[in-house]
Amino acid sequence: GGEHCSTGDGGDKPCVKNLYGQCDVVCTMASTCSNHGRCMGDGSCECYAGWFGEHCDRADGFGDNPCGKDIYSQDCSDRCTIEGTCNNHGRCMGDGSCACYTGWRGDYCDTVGG
């Protein structure tokens, strides 16, 4: 809802609820984005933090990690550990980056503050 699609003549028209792109792509938060993301203007999903994949159905290390323990990212090429990568001050996200605990910041949660 609220999205607009091209009419082909330089104009646009509003799409009806759950239709995106040229008003021909169905996207719903529940079925398309697995309740872990929102529909974007082209009908694709924008995943919430900690979720990834075309349908936001792949979790970070605190869910079903298809890559295995401490291995992350869509192609399972990034290693991340709470102890090493995040300095015991954060948790590993689905892309192998750190999400810092309260009071810590920085790419590796190694700076006090925030």
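## Digging into the overall build of the chain
Here comes step 1: From N to C terminus, the chain includes 0 helices and 14 strands.
Here comes step 2: Order of helices (α) and strands (β) in the chain, N terminus to C terminus: β-β-β-β-β-β-β-β-β-β-β-β-β-β.
Here comes step 3: The proportion of buried residues among the 114 residues of the chain is 31%.
Here comes step 4: For the chain, the share of sequence-separated contacts (at least 6 apart) that also reach a separation of at least 24 residues comes to 6%.
Here comes step 5: Accessible surface, the chain: about 6,800 Å² in total, of which carbon and sulfur atoms supply 48%.

## Re the side chain of Thr-32
Here comes step 1: Structurally, the position occupied by Thr-32 is in the loop between strand S4 (25-26) and strand S5 (37-39).
Here comes step 2: Setting aside residues up to four positions removed in sequence, Thr-32 forms contacts with Val-26, Cys-27, Gly-43, Cys-45 and His-55.

## Brief notes about the pattern of salt bridges
Here comes step 1: For the coordinates displayed, the defined rule picks out 1 salt bridge.
Here comes step 2: For Glu-46, the salt bridge goes to Arg-38, with nearest N and O atoms at 2.9 Å.
Here comes step 3: Residue Glu-46 is classed as partly exposed on the basis of its relative accessible area of 36%.

## Some details on unusual backbone geometry
Here comes step 1: Phi is positive for Asn-87, close to 55°, though the residue is something other than glycine.
Here comes step 2: Looking at the secondary structure, you find Asn-87 in the loop between strand S10 (78-79) and strand S11 (90-92).

## Thoughts on the state of the cysteines
Here comes step 1: Evaluation of the coordinates by the stated rule reveals 7 disulfides.
Here comes step 2: In this model Cys-15 forms its disulfide with Cys-23; the gap between the sulfur atoms is 2.2 Å. Since a negative S-S torsion denotes a left-handed disulfide, the Cys-15-Cys-23 link at about -85° is left-handed.
Here comes step 3: The side chain of Cys-86 participates in a disulfide bridge whose partner is Cys-98; the two sulfur atoms lie 2.1 Å from each other. With the S-S dihedral at roughly -95°, the linkage between Cys-86 and Cys-98 falls on the left-handed side. You can see Cys-86 sitting in the loop between S10 and S11 and its partner Cys-98 sitting in strand S12 (residues 98-100), a full 12 residues away along the chain. Neither residue differs from the other here; Cys-86 and Cys-98 are each classed as buried.

## Some details on the environment of Asn-35
Here comes step 1: Relative to the elements of secondary structure, Asn-35 occurs in the loop between S4 and S5.
Here comes step 2: For Asn-35, a relative accessible area of 45% gives the class partly exposed.
Here comes step 3: C-alpha of Asn-35 to C-alpha of Asp-57: the two residues are 22 residues apart in sequence and 8.6 Å apart in space.

## Digging into the environment of Met-93
Here comes step 1: Tracing the backbone through its elements, the reader meets Met-93 in the loop between S11 and S12.
Here comes step 2: Note: C-alpha distance between Met-93 and Tyr-72 (21 residues apart in sequence) is 7.8 Å.

Basis of the calculations
Residue indices begin from 1 for each chain and proceed along its sequence in written order. Only residues with pLDDT of at least 70 get local features here, since the model is predicted, and only at 80 or more are side-chain atom pairs given and counted; chain-wide, interface and lining totals rely on the full set of residues. Side-chain descriptors were evaluated using all non-hydrogen atoms of the structure, hydrogens and water having been removed beforehand. Segments assigned H or I by DSSP are reported as helices when at least four residues long, segments assigned E as strands when at least two residues long, and all are numbered from the N terminus. When accessible area is computed with a 1.4 Å probe and restricted to protein chains, residues below 20% of their type maximum are described as buried, those above 50% as exposed, and intermediate ones as partly exposed. The contact criterion used throughout is that any non-hydrogen atoms of two residues lie within 4.5 Å. Note on areas: these come from Shrake-Rupley sampling with a 1.4 Å probe, and a residue is covered only by the protein chains present in the view. Any carboxyl oxygen of Asp or Glu that lies within 4 Å of a side-chain nitrogen of Lys or Arg is treated as forming a salt bridge with it. Disulfides are defined as cysteine sulfur pairs within 2.5 Å.

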